[in-house]
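Structural characterization, general
Chain residues, written in single-letter form:
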Number of protein chains: 2
Amino acid sequence: MNFDLSAQVPLLERTPCVLRAMLEGLPREWTDADEGTGTWSPFAIVGHLAHGERANWIPRARMILEHGPAMPFPPFDREAQFRESAGKTLAELLDELAALRTASLETLASWRLDERQLGLEGLHPEFGRVTLGQLLATWVAHDLGHVAQVARVMARQYREAVGPWRAYLPVLDR
Amino acid sequence: MNFDLSAQVPLLERTPCVLRAMLEGLPREWTDADEGTGTWSPFAIVGHLAHGERANWIPRARMILEHGPAMPFPPFDREAQFRESAGKTLAELLDELAALRTASLETLASWRLDERQLGLEGLHPEFGRVTLGQLLATWVAHDLGHVAQVARVMARQYREAVGPWRAYLPVLDR
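First, a word on what this report is: a plain description of the structure on this page. (Residues numbered from 1 in each chain as written. Chains lettered and ligands numbered in written order. Predicted model: local features only at pLDDT ≥ 70, side-chain atom pairs only at ≥ 80, totals over all residues. Heavy atoms only, no water.)

1. Thoughts on the nonpolar core
- Counting 107 residues, the largest nonpolar core has A:Met22 and B:Met22 as its most contacted members.
- Among residues more than four places away in sequence, those in contact with A:Met22 are A:Val147, A:Val150, A:Ala151, A:Met154, B:Arg14, B:Val18 and B:Val147. (Core = buried A, V, L, I, M, F, W, Y, C linked by side-chain atoms within 4.5 Å. Buried < 20%, exposed > 50% of the residue type's maximum accessible area, 1.4 Å probe, protein only. Contact = heavy atoms within 4.5 Å.)

Here is the structure:
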């Protein structure tokens, strides 16, 4: 599928609602569960997505529009949520993500990006030149990857409980 | 995590809402997308879950309660949705799944299962003896596995569009 802004926005809009539908009101044994040392719980993942709204997608898109490849994006802190989410409840983080995402999409809409602008380049600190279109497609795929991760992390809590059915549930091992 | 009916029901209840949040109103380029020949689209997955309500979870649980391991479960048809979903819209399938799931959970609640009953056995046509608890844990893990699959299938449509970020998005390749 080629990247298309009008196909992307409906997905970006719904991610906070999807995570709310998946997680809100669940016991903490689900939302704090992880896959072992160094892996993320659903709680950590929601915090990571909120940090991305503050530090990644719109800030980097703005850098491309304002500076092009003249200066590299600041590196993204993949551990920021452990600091930023401290002391918050999951319900607070879900509200925060929803508000931040709404603001991000308002900014995106205000730019009225055209095909030419999606080809504008920025400088990734590791990859070198990337386009605005690639950044925005990554935003969508990144959301979906973390939704899949939340489902997987919770499924894996039942790895033993399912008994022999484990053989038919690739999500538990792959 | 040990299997616990009270921790399971809140997850089973929300799956139709989660899929609705993920899919309702999206363009068909997302909901009919798949991962290549022989793989399933989000549309096919929702149909598969609806078929499971009709033919798998509650019917098999009832067999365990009524017959124990005296007779094997009928095999489950993993392709039934291609027949049953024909001519339906995704919105119709989402409504169908929600109604079927509500009815399933009403039946489950009416049984007021206790710890002893979760240990009752049935006969799986391939695995042999399985317990009611294993069947019910599988129901949860199966839901979550397919939610993860829906997100993954959609993410993979942007495998090329993300450019070099593909290296940071394991959902696109794993």
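2. Some points on the packing of aromatic side chains
- Considering all chains together, one arrives at 10 aromatic pairs over all chains under this definition.
- Between the aromatic rings of A:Trp40 and A:Phe82, the centroid separation amounts to 6.3 Å while the plane-to-plane angle is 75°, which identifies the pairing as edge-to-face. Within this pair, whereas A:Trp40 is found in the loop between α2 (28-31) and α3 (42-55), its partner A:Phe82 is found in helix α5 (residues 80-84), the two being separated by 42 residues in sequence.
- Relative to B:Tyr168, the ring of A:Phe127 lies with its centre 5.3 Å away and its plane at 55°, an arrangement referred to as tilted. Within this pair, whereas A:Phe127 is found in the loop between β1 (121-124) and β2 (128-131), its partner B:Tyr168 is found in the segment after α8 (132-156), the two belonging to separate chains.
- By the ring-pair criterion, three or more aromatic residues cluster together here, those being A:Phe127, B:Trp165 and B:Tyr168. (Phe/Tyr/Trp six-rings, centres within 6.5 Å; stacked < 30°, edge-to-face > 60°. Helix = DSSP H or I, 4+ residues; strand = E, 2+ residues; numbered from the N terminus.)

3. Regarding the pattern of salt bridges
All names here are of chain B.
- For the structure on display, the rule yields 30 salt bridges over all chains.
- Across the pair Arg20 and Glu24 runs a salt bridge, and its minimum N-O distance is 3.1 Å.
- On the basis of relative accessible area, Arg20 is assigned to the partly exposed category, the value being 24%.
- Judged by its relative accessible area of 38%, Glu24 falls in the partly exposed class. (Salt bridge = Lys/Arg side-chain N within 4 Å of Asp/Glu carboxyl O.)

4. A few points about the relation of the copies chain B and chain A
- Note on the copies: chain B fits chain A at an RMSD of 0.0 Å, the axial shift is 0.0 Å, and the rotation between them is 180°. What we have between these two chains is a two-fold relation. Of the C-alpha atoms belonging to chain B, the one lying closest to the rotation axis is found on B:Ala148, 2.0 Å away.
- Take the interface residues of chain B: 100% of them recur as interface residues in chain A, which is what a same-surface contact looks like. (Least-squares fit on C-alpha atoms with pLDDT ≥ 70 in both.)

5. Topic: helix α1 (residues 5-23) of chain B
Residues and elements named next belong to chain B.
- In this model, α1 (19 residues) spans 28 Å end to end at C-alpha, consistent with the 27 Å of a helix rising 1.5 Å per residue.
- Its axis deflected by about 40° at Thr15, α1 carries its strongest bend there, up to four residues before the proline Pro16.
- Among the 19 residues that make up α1, 14 are buried, leaving the element largely enclosed by the rest of the structure.
- Directly after α1, the chain includes Gly25, whose backbone phi takes a positive value near 80°. (Expected span 1.5 Å × (residues − 1). Bend = angle between axes of the 7 residues up to and from the residue.)

6. Thoughts on the packing of helix α4 (residues 57-67) of chain A against helix α8 (residues 132-156) of chain A
All names here are of chain A.
- As a packed pair, α4 and α8 sit with axes 10 Å apart at the nearest point and diverge in direction by 175°. The orientation of α4 relative to α8 falls into the category roughly antiparallel. Seen from α4, the contacting residues are Trp57, Ile58, Arg60, Ala61, Ile64 and Leu65; seen from α8, they are Leu132, Leu135, Thr138, Trp139 and His142.
- Residue composition of the contact of α4 with α8, grouped by class: eight nonpolar, two polar and one charged. (Axes fitted to C-alpha atoms, helices over the stretch in contact; angles between N-to-C directions. Parallel < 35°, antiparallel > 145°, perpendicular 65-115°, else oblique. Nonpolar A, V, L, I, M, F, W, Y, C, P; charged D, E, K, R; others polar.)

As far as function goes, none of this settles anything; it's purely spatial.
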